[in-house]
Amino acid sequence: MLDTLKYPIIQAPMAGGISTPALAAAVSDAGGLGFLAGGYKTAEGLAEDIQKVRQLTSSRFGVNIFVPGPSDADEDAIAAYRLKLEREAECLGTVLGNPSADDDEWNRKLNLVKAERVPFVSFTFGCPSKGIIQELQANGSFVIVTVTCVEEAKMAADAGADALCLQGIEAGGHRGTFSNGTDLQEEYGLLVLLRLVKQELGIPLIAAGGIMDGRAIAAVIAAGACAAQLGTAFLLCPESGTNPVYREALASPRFTSTRITRAFTGRRARGLVNDFMEAYDKEAPAAYPQLHHMTQGLRKTAAQNGNPEYMSLWAGQGYRLAQPLPAGELIRNLTAQLLEQNRE
Ligand SMILES: Cc1cc2nc3c(=O)[nH]c(=O)nc-3n(C[C@H](O)[C@H](O)[C@H](O)COP(=O)(O)O)c2cc1C
């Protein structure tokens, strides 16, 4: 299925309203593969997005779903973190959310992508069972699992995934690690991860993390990937749902670096370093999705107030290379650079 894409370029699913149906449709129409993000949405909201993409394009697209993890977070640590954040919420004129541990409507979303026969289904934060993968495949879907190390790659290949999305440490947004534990495994840059997994497995590999132009796409293809998945590169496209305050922050000299933190959601994710991250990076427990729900209102209020210091500004290390171009034009530029690189 990946071979049949006109261009080996995948627009990363980006939860939080960023990868809109308009973005996915524009990317797929331009010859790449557009993705919808199922994460954080209700199953009904995701169903609406699927309908919208289908109204906008007859091209193929993908849907991404979060795999729920164990709800074994330390309640005392969550309560202690809550106490620290309450004052911040008060100052912003809002209240903290309920730190609930839901499964992001896992079963309903699986049923939805099956019922809708979504052409590409990708998973992050874990690996679905063999049975689930087989059911999706029997239904016509191509199944992709996000991995961050060789061990996860082997587990996903054993479970029968059609392809793996290798996420390097450079990547923006949440780490797709199967576990959210504090016992951190070694973390890999994209190129070495590609080479290590390629040495072990014959399965198609999609490369993600810090890829911002056609030359980088050529590089990962030379290193063994069959396609590149780009997230941060699409953040400034007019079709993206990126909040205006977030867009401004990406171009602002106020923000000079990215870091991986649990401060906003309780799961490790890379974003621009702002005041909230500086203050709470070391305080936040490994409690996802509890902290996500707890800080959601605070982040939303900050966005409404035009305050980037309390928003989660997810971005990969290459964010300074992002360009405010319509998605179709971005795909054309990326493919022109890729072809030029291949000619040289
Ligand atoms: C704002 C943002 C939101 C993201 N949301 C998701 C998501 O919902 N599901 C997912 O599998 N990956 C998500 N990612 C990670 C991407 O799939 C991908 O790994 C990453 O964007 C690649 O690195 P790059 O941002 O440097 O291109 C997100 C990334 C960003 C920047």
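Summarised in this report is the structure supplied together with it. Note that residues are indexed from 1 along each chain, following the sequence as it is written. Selection of residues for local features in this predicted model requires a pLDDT of at least 70, selection of side-chain atom pairs for listing and counting requires 80 or more, and totals for whole chains, interfaces and linings are taken over all residues. Values reported for side chains reflect all heavy atoms of the structure, with hydrogen atoms and water molecules removed beforehand.

Quick look at the site of the ligand
Operational definition: It suffices for a single heavy atom of a residue to lie within 4 Å of a molecule or strand for the residue to be listed as near it. Residues adjacent in sequence count toward polar contacts only when both atoms are side-chain atoms; beyond that, a polar contact is any pair of N or O atoms within 3.5 Å, and within protein one must be able to donate a hydrogen and the other to accept it. In this text, helices come from DSSP runs of H or I with a minimum length of four residues, and strands from runs of E with a minimum of two, each type numbered from the N-terminal end. Residue polarity is assigned by list, with Asp, Glu, Lys and Arg as charged and Ala, Val, Leu, Ile, Met, Phe, Trp, Tyr, Cys and Pro as nonpolar; anything else, Gly included, falls into the polar class.
Taken together, 22 residues form the shell around the ligand, and within it P13, N64, G210, G231 and T232 come nearest. Note that a nitrogen atom of the ligand is positioned 3.3 Å from one of the backbone N or O atoms of P13. Between A15 and the ligand, the recorded distance is 3.1 Å, taken from a backbone N or O atom to an oxygen atom. Residue assignment for the shell around the ligand shows that the elements contributing at least two residues are β3 (61–66) and β9 (227–230). Split by residue class, the shell around the ligand holds eleven nonpolar, eleven polar and no charged.

Overview of the environment of L325
This is how the line gets drawn: What makes two residues a contact is simply this: any of their non-hydrogen atoms within 4.5 Å.
Inspection of the secondary structure assignment puts L325 in the loop between α11 (290–304) and α12 (327–343). With sequence-adjacent residues up to four places away left out, L325 is seen in contact with L236, C237, P238, L330 and N333.

Details of the packing of helix α4 (residues 106–115) against helix α5 (residues 130–138)
Which entries qualify depends on this criterion: Angles run from 0 to 180 degrees between N-to-C directions of axes, and those axes are lines fitted to C-alpha atoms, restricted for helices to the stretch in contact. Our angle categories are set so that under 35 degrees counts as roughly parallel, over 145 as roughly antiparallel, 65 to 115 as roughly perpendicular, and the remainder as oblique.
Interhelical geometry of α4 versus α5 gives an angle of 25° and a closest axis separation of 9 Å. When the axis of α4 is compared with that of α5, the two are roughly parallel. Only I132, E135 and L136 of α5 make contact with α4, whose side of the interface consists of W106, L110, V113 and K114. In terms of residue class, the contact of α4 with α5 is built from five nonpolar, no polar and two charged.

A closer look at empty space enclosed by the protein
What counts, and what does not: A pocket, in this scheme, is an open set of points on a 1 Å grid over the protein atoms alone with protein on both sides within 12 Å along at least 5 of 7 lines, while a cavity is a set where a 1.4 Å probe fits but cannot get out; residues line either one if an atom lies within 4 Å of a point. Grid points are joined across faces, edges and corners, and a volume is the space filled by probe spheres set on the points.
Inspection of the entire model under this criterion finds one cavity of 30 Å³ or more. Taken as a whole, the largest cavity holds about 580 Å³ of empty space. Around the largest cavity sit 35 residues that line it, and P13, M14, Q167, G172 and G173 are the ones nearest its centre. Those elements that provide at least two residues to the lining of the largest cavity are β3, β4 (120–124), β5 (142–147), β6 (163–167), β7 (173–174) and β9.

So, the sheet that holds strand β1 (residues 9–11)
We apply this condition: By definition, two strands form a pair when at least two bridges between them are found by DSSP.
Overall, parallel pairing links the eight strands, which are arranged β1-β9-β8-β6-β5-β4-β3-β2 in an open sheet. Looking along the sheet, the strands with just one partner apiece sit at the ends: β1 and β2 (34–37). Averaged over neighbouring strand pairs, the angle between their axes works out to 25° when direction is ignored. With four bridges connecting them, β5 and β6 associate as parallel partners. Counted as the bridge partner of T146 is C165 from β6.

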